[in-house]
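# Remarks on the overall topology
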Amino acid sequence: MEINLDYNNIDFKDKIINLPKNIKTVNVYGDNINITNLCNILENVKSNVEIKSNRQKEIDDEFLKRNTYQGFNRSILNMVKKICSENITKNDYVVDMTVGNGNDTLFLSNISKKVFGFDIQDVAIENTKKLLRENNVYNYELFNISHEKINDVLKEYEKNIKLILFNLGYLPCGDKSITTNHKTTLNAVKNSFSMLSSNGLILIVFYPHPEGKTEAQVVLEYLNKNKLKYTIYKNTPNMDAPYLIVINNY
Ligand code: SAM
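Residues numbered from 1 in each chain as written. Predicted model: local features only at pLDDT ≥ 70, side-chain atom pairs only at ≥ 80, totals over all residues. Heavy atoms only, no water.

### Some remarks on the site of the ligand
- In the region of the ligand, 20 residues are neighbours, and Thr98, Asp104, Asp119, Gln121 and His147 sit closest.
- In the environment of the ligand, a nitrogen atom lies 3.0 Å from a nitrogen or oxygen atom belonging to the backbone of histidine 147.
- Each residue belonging to the shell around the ligand can be placed in one class, and the counts come to six nonpolar, twelve polar and two charged. (Near = heavy atom within 4 Å. Polar contact = N/O pair within 3.5 Å; in protein donor to acceptor, adjacent residues only side chain to side chain. Nonpolar A, V, L, I, M, F, W, Y, C, P; charged D, E, K, R; others polar.)

This is how it looks when you write it as structure tokens:
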């Protein structure tokens with residue numbers, strides 16, 4: 001369900017933060033909207049609610065400044081796409097470490113020379129192939145094998161990969177008991193460094209389920225211990241929301 005909320009109403013903040021569960025879209029309107037103040041309020045809105053406003057561009061610009069880019073549906077994956085688009089060219093090889101249903105693979109294939117993809121589930125490989133075929137995409141190669149093997153499987157591309165994306169967790173609409181795991185994820189991250197070109201990037205999206213929290217903990221510990229630089233992007237102060245880290249191979 002969609003509702004309209006007037007920014008100037010005295011109970012605007014209270015209403016937009018405590019939306020009933022059935023409200024999925026909010027149209028924010030009103031005169032003299034203070035964008036900084038509005039964004040402070042929006043940071044606290046549930047992440048599955050879509051915000052629409054005729055001041056959208058200014059809202060997006062403000063969130064960009066805060067490293068909390070949200071876009072229309074305020075998914076952290078918007079930030080992933082933005083960073084990928086800004087860094088990948090049609091001359092670049094890239095890797096999708098968790099192809100899942102193929103959405104990220106499709107996106108990456110359209111902006112790169114070739115995308116290599118990994119997934120341990122047959123169904124994920126099949127779903128991804130189907131999506132790519134339906135979109136007439138052929139610049140890809142998929143491996144039905146754990147992403148830890150990246151440096152064996154793609155040995156000939158060593159130091160030649162521009163970007164490696166980990167979108168962790170379980171297959172959406174699939175078997176939720178099969179999820180990425182902190183041991184294999186950490187090995188895969190370690191093995192990714194030798195694959196990156198000199199200005200290459202590793203992007204990792206962490207999710208807040210218990211195994212996801214352990215994954216984040218072991219990966220961040222490893223990066224900190226080895227003084228490897230990374231930036232964290234969050235689209236909400238809520239620690240229980242998905243977030244992105246970007247590791248630069250300088
Ligand atoms: N990128 C996907 C998309 O656009 O639909 C979503 C990926 S989904 C969140 C995570 C995927 O990681 C699942 O399909 C799961 O099978 C896969 N996975 C789990 N452990 C893995 C591993 N060790 N190596 C490669 N893929 C793995």
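The structure having been displayed, the exposition proceeds.
### Points about the environment of asparagine 199
- One can find asparagine 199 in strand 8 (residues 196-206).
- Remark: the alpha-carbon pair of asparagine 199 and lysine 46, spanning 153 residues in sequence, is separated by 36 Å.
- Sequence-distant contacts of asparagine 199, defined by excluding residues within four places in its chain, comprise Lys162 and Asn249. (Helix = DSSP H or I, 4+ residues; strand = E, 2+ residues; numbered from the N terminus. Contact = heavy atoms within 4.5 Å.)

### Some remarks on the sheet that holds strand 1 (residues 2-6)
- With parallel pairing, the three strands of this open sheet are ordered in space as 1-2-3. With partners counted over all chains shown, the strands left at the sheet margins are strand 1 and strand 3 (50-53), one partner each. Across the sheet, the axes of successive neighbouring strands diverge by a mean angle of 25°, strand direction being ignored.
- Pairing of strand 2 (residues 25-29) with strand 3 involves four bridges; the strand directions are parallel. Its bridge partner being in strand 3, valine 28 is matched across the sheet by serine 53. (Pairing = 2+ DSSP bridges. Axes fitted to C-alpha atoms, helices over the stretch in contact; angles between N-to-C directions.)

### Re the packing of helix 5 (residues 103-111) against helix 6 (residues 122-134)
- Running from N to C, helix 5 and helix 6 point in directions that differ by 40°, and their axes come no closer than 9 Å. Viewed along their axes, helix 5 and helix 6 adopt a mutual orientation that is oblique. Along this stretch, helix 5 crosses helix 6, giving a crossing that reads as right-handed. Judged by residue contacts, Asn103, Thr105, Leu106 and Ser109 of helix 5 engage Thr128, Leu131 and Leu132 from helix 6.
- Split by residue class, the contact of helix 5 with helix 6 holds three nonpolar, four polar and no charged. (Parallel < 35°, antiparallel > 145°, perpendicular 65-115°, else oblique. Left-handed = near helix turned anticlockwise from the far one by under 90°.)

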